[in-house]
Structure formats: structure tokens, C-alpha cells
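# Secondary and tertiary structure notes
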Amino acid sequence: DGGITQSPKYLFRKEGQNVTLSCEQNLNHDAMYWYRQDPGQGLRLIYYSQIVNDFQKGDIAEGYSVSREKKESFPLTVTSAQKNPTAFYLCASRKAGTDNSPLHFGNGTRLTVT
Amino acid sequence: AQSVAQPEDQVNVAEGNPLTVKCTYSVSGNPYLFWYVQYPNRGLQFLLKYITGDNLVKGSYGFEAEFNKSQTSFHLKKPSALVSDSALYFCAVRDAGGGGGYNKLIFGAGTRLAVHP
């Protein structure tokens, strides 16, 4: 079955350490996205990529970095510069070329930084 | 600027009763509207969307939504709620207008639906 795989499901890190969250899709989608979810705040866009080797900052990109070297993969690095990294992180993808196609989501990675 | 509001943090419904989860939006052009559902510790699942045409949109699991342009609303409905419908529901909007730029999908804060036996 096609879908989006995020790993790991749970991640624990010490403050000051960088950590990379994996996102892989086999849906042949061009566009990929990273969202952060905090209780009561909905989803906020961190970064997005509409094509390989290109990506754009979303609304809350500070303290995060991404790469898009392959169509299938869009890893997110949470750096030590991110002031409040503990959150639920969601990766999504969709067909590019039309604004009305829905997002497909992975099952998320819950990051806890202490 | 685009925005979407879900005025209720939580909606409580008895099983078998109809349910409504409210959503209002603001865009400068025509809207593309979406509803998603999220179960605990999972990603969001697409339920339905409004692009154009019939104001009543039918989606997955018996859900439907009514687009009302004059009230800028897109409320989610189901005629008979199930306990298994209990989850977090998100409304989202994208401006369908052009302008050459990328129009982001904006999510509401979510409404928790609790269906009681």
C-alpha cells in the first residue's frame, strides 16, 4: 500500500542536541510538508518542498532545517536553536500542480526534549 | 489574509444523534475547503473537500459538509453519530486565487468530538 512513513514514532533527546526526523513516501508525490502540532493550536507549517532540491520556509522555520535530495524523502532536523522543540511532528505529501488535492499524512513523531 | 476558525473546542453528542462541527473561514478569493480527522497519536486523515459546484459535499464514513458562501462557513455534519466517531476534527482552507504565489493550507485549531453511548 502507498503511504507516508515517519520514524521513529517516539524520540527523546537532551537539550542542546540536534535530532533528525525521517519522512519517506511511496505515493510519487512531488510536494512534501512538515507540520508541528501543539495542543489547542492546530497545525503550523515548518517547511515545504514542491520539487526535489528545492524547499521553502513555512510559518515557524526558525530552529529547523530540511533537505530534499530525493523525491521520496524529506527529513527534518530539529536543531539546538529551536527554543521549544517538544511537540508532535507531522509529515505530509500531495500531488503537485493543483491546489485542491488533499494532503496525505504520516502517523507522526512525538519528540520530547528534556 | 487567510484564516479559519473552529469556535468550539469540544462537541458532545449522544450516539445516534446528529452531529455538527462548525467551521468558518476567511479568504480573499474563492476557497478550497477541507475536513480532516485525527485519532490519538496518529496523523490526519482526509474526510472531504469543497472545490466548486454543489454546496453539499459527501465524504468518508458518512460525513458531509455544507458550504455556505454568504456565511463563509463549512460545517461538518453526520446524521447519526457513532462512538467510533470520537476524535479530533480539523477544518482547513486554501485560497484558490492565483497571483502566482504559493497559497498555503491554513488549519483551524481543531474540535474534539466526544460521542457518548
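Each value, and the rule that gives it
- Residues numbered from 1 in each chain as written.
- Chains lettered and ligands numbered in written order.
- Predicted model: local features only at pLDDT ≥ 70, side-chain atom pairs only at ≥ 80, totals over all residues.
- Heavy atoms only, no water.
- Helix = DSSP H or I, 4+ residues; strand = E, 2+ residues; numbered from the N terminus.
- Rg over C-alpha atoms; globule rule 2.2 N^0.38 Å.
- Buried < 20%, exposed > 50% of the residue type's maximum accessible area, 1.4 Å probe, protein only.
- Contact = heavy atoms within 4.5 Å.
- Areas by Shrake-Rupley, 256 points an atom, 1.4 Å probe, with all protein chains shown as cover.
- Lys, Arg positive; Asp, Glu negative; His and termini not counted.
- Charge placed at Lys NZ, Arg CZ, Asp CG, Glu CD.
- Polar contact = N/O pair within 3.5 Å; in protein donor to acceptor, adjacent residues only side chain to side chain.
- Disulfide = S-S within 2.5 Å.
- Pairing = 2+ DSSP bridges.
- Axes fitted to C-alpha atoms, helices over the stretch in contact; angles between N-to-C directions.

## Topic: the overall build of chain B
Within chain B one finds zero helices and twelve strands. Along chain B, helices (α) and strands (β) appear in the sequence β-β-β-β-β-β-β-β-β-β-β-β when read from the amino end. Scaling as 2.2 N^0.38, a compact globule of 117 residues should have a C-alpha radius of gyration of about 13 Å, and chain B matches this with 14 Å. By principal-axis analysis of the C-alpha atoms, chain B measures approximately 50 × 30 × 20 Å. For chain B, the residues scored as buried account for 44% of the 117 residues in total. Long-range pairs, those at least 24 residues apart, make up 58% of the contacts in chain B with a sequence separation of at least 6. In the form shown here, chain B has an accessible surface area of approximately 5400 Å², with 48% of it arising from carbon and sulfur atoms. Charge centroids of chain B, computed over 10 positive and 8 negative side chains, lie 6 Å from each other.

## A short note on the side chain of His-29 of chain A
Considering the arrangement of structural elements, one finds His-29 of chain A in the loop between β3 (19-25) and β4 (31-37). Side-chain polar atoms of His-29 of chain A contact the side chain of Ser-93 of chain A, separated by 2.8 Å.

## Overview of the state of the cysteines
Residue and element names in this part refer to chain A. Inspection of the entire model under this criterion finds two disulfides over all chains. Covalent S-S linkage joins Cys-23 and Cys-91, the inter-sulfur distance amounting to 1.9 Å. Judged by the torsion about the S-S bond (-75°), the Cys-23/Cys-91 disulfide is left-handed. Note that Cys-23 is positioned in strand β3 and Cys-91 in strand β9 (residues 87-94), a separation of 68 residues in sequence. When sorted by exposure, Cys-23 lands in the same class as Cys-91, which is buried.

## A look at the sheet that holds β3 of chain A
Residues and elements named next belong to chain A. Here four strands make up an open sheet; going across it, the order is β1-β3-β8-β7 and the pairing antiparallel. The sheet is open, and its two edges are formed by β1 (4-7) and β7 (64-66), each paired on a single side. Each adjacent strand pair in this sheet contributes to an overall mean axis angle of 20°, direction not counted. The pairing of β3 with strand β8 (residues 76-78) spans three bridges and is classified as antiparallel. Bridge pairing in β8 places Val-19 opposite Val-78.

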